[in-house]
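A look at the structure
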Amino acid sequence: MGKTYERIDGRLREFIDRQPVFFVATAPLGADGHVNLSPKGRSGTLVVLDELTLAYLDFGGSTAETLAHLRENGRITLMWCAFDGPPTVVRVHGQGEAVFRDDPRFAGLLGRFDPSADGSALRAIVLVRAERVSDSCGFAVPFMDYRGDRELHEQYFDRKTDEEFNTYCEGKEYIATSLDGLPALPLPLPPRPERTEAANGAVS
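Below is a short write-up of the structure. Nothing here was measured: the structure is a model prediction, and the numbers come from that model.

The rules behind these values
Residues numbered from 1 in each chain as written. Predicted model: local features only at pLDDT ≥ 70, side-chain atom pairs only at ≥ 80, totals over all residues. Heavy atoms only, no water. 1 Å grid on protein atoms, 1.4 Å probe; cavity = no way out; pocket = protein on both sides within 12 Å on 5 of 7 lines; lining within 4 Å. Points joined across faces, edges and corners; volume = space filled by probe spheres on them. Helix = DSSP H or I, 4+ residues; strand = E, 2+ residues; numbered from the N terminus. Buried < 20%, exposed > 50% of the residue type's maximum accessible area, 1.4 Å probe, protein only. Arc of directions from axis to C-beta. Contact = heavy atoms within 4.5 Å. Polar contact = N/O pair within 3.5 Å; in protein donor to acceptor, adjacent residues only side chain to side chain. Phe/Tyr/Trp six-rings, centres within 6.5 Å; stacked < 30°, edge-to-face > 60°. Pairing = 2+ DSSP bridges. Salt bridge = Lys/Arg side-chain N within 4 Å of Asp/Glu carboxyl O.

Section: the layout of surface pockets
Space left empty within the atom packing is revealed by a probe, the size of a water molecule, rolled over the atoms. Estimates place the volume of the largest pocket at around 1,300 Å³. Lining the largest pocket are 41 residues; nearest its centre among them are P20, V21, K40, G41 and R42. Looking at the lining of the largest pocket, the elements with two or more residues in it are α1 (10-18), β3 (36-40), β5 (53-59), α2 (65-72) and α4 (152-158). Volume-wise, the second largest pocket comes out at about 180 Å³.

And the structure:
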């Protein structure tokens, strides 16, 4: 039987930290808009900041649907599945915010991630404040073996300077605006700040 939780406790946090992939779902307010669902990988790019707050690194890609939806309405769901061990699915429904490079919080938030998780083409940090935390059985989720992270994304963007990455973003149809015409990633990209070490604790 599924349960709801008042917070992301130690057991749930350990489960989240162990999973090599998670999924992000967002949607625009318009009834005819495109619902978006994205898989997220790259080890260490998601952190639980406190019992009700998570953050993940948003890297470059050919679209920016999540960023657009968060700018419009903030609704977001994160999901993790157990592909080994006991069958479990964990969901966090909440309000998300895209923290862009020119936000004063960006450098401090980046400092909450292990430096090894950082990389080229970092567009934003997505901050999620949980409003509902739940789990369910996951009986239909298949067993799968984790072999390692794919390195193609990181290798591709590591060959670009930050200026070339900005040119890449400006050349894609659905990065500055979403499929539904919503504002997504603000362009041109501002300079990327250096990370600063932030004290552990809640994020305002």
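Comments concerning α1
Looking at α1, one finds that the buried residues are L12, F15 and I16. The arc that holds the buried residues of α1, viewed along the axis, is 100 degrees, so those residues lie on one side. Here the buried face of α1 lies against β1 (3-5), β4 (46-50), β5, β6 (75-81), β7 (89-100) and β8 (122-136).

Let's talk about the side chain of R112
Here R112 shows up in the loop between α3 (106-110) and β8. Of the polar contacts made by the side chain of R112, one reaches the backbone oxygen of L49; its length is 3.3 Å.

Thoughts on the packing of aromatic side chains
Per the stated rule, a full pass over the model turns up seven aromatic pairs. When the centroid spacing of 5.5 Å and the interplanar angle of 70 degrees are considered together, the rings of F22 and Y56 count as edge-to-face. Here Y56 lies in strand β5 and F22 lies in strand β2 (residues 22-26), a separation of 34 residues in the sequence. Each ring, one from F157 and one from Y168, has its centre 5.2 Å from the other, and the planes form 85 degrees; the classification is edge-to-face.

Considerations on the pairing of β3
On β3, burial follows the alternation: N36, S38 and K40 on one face are buried, whereas L37 and P39 on the facing-out side are not. Judged from the five bridges that link them, β2 and β3 form a sheet pairing that is antiparallel. Among the inter-strand pairings, V24 is bridged to a residue of β3, identified as S38.

Here's the deal with the environment of V133
Structurally, V133 can be placed in strand β8. Considering only alpha carbons, one finds V133 and A64, 69 residues apart in sequence, at a separation of 25 Å.

Things to note about the pattern of salt bridges
Applying the stated rule across the entire model yields ten salt bridges. Note that R101 and D162 form a salt bridge whose closest N and O atoms lie 2.8 Å from each other. Here R101, found in the loop between β7 and α3, pairs with D162, found in helix α5 (residues 162-171); they are 61 residues apart in sequence, far enough to count as distant. Residue classification places R101 among the buried positions, given a relative accessible area of 3%. The class for D162 is partly exposed, based on a relative accessible area of 33%. Salt-bridge contacts for R195 lead to E197; the nearest nitrogen and oxygen are separated by 3.6 Å. According to the relative accessible area criterion, R195 is partly exposed, its value standing at 22%. Overlapping salt bridges bring together E97, D103, R105 and R129 as one network.

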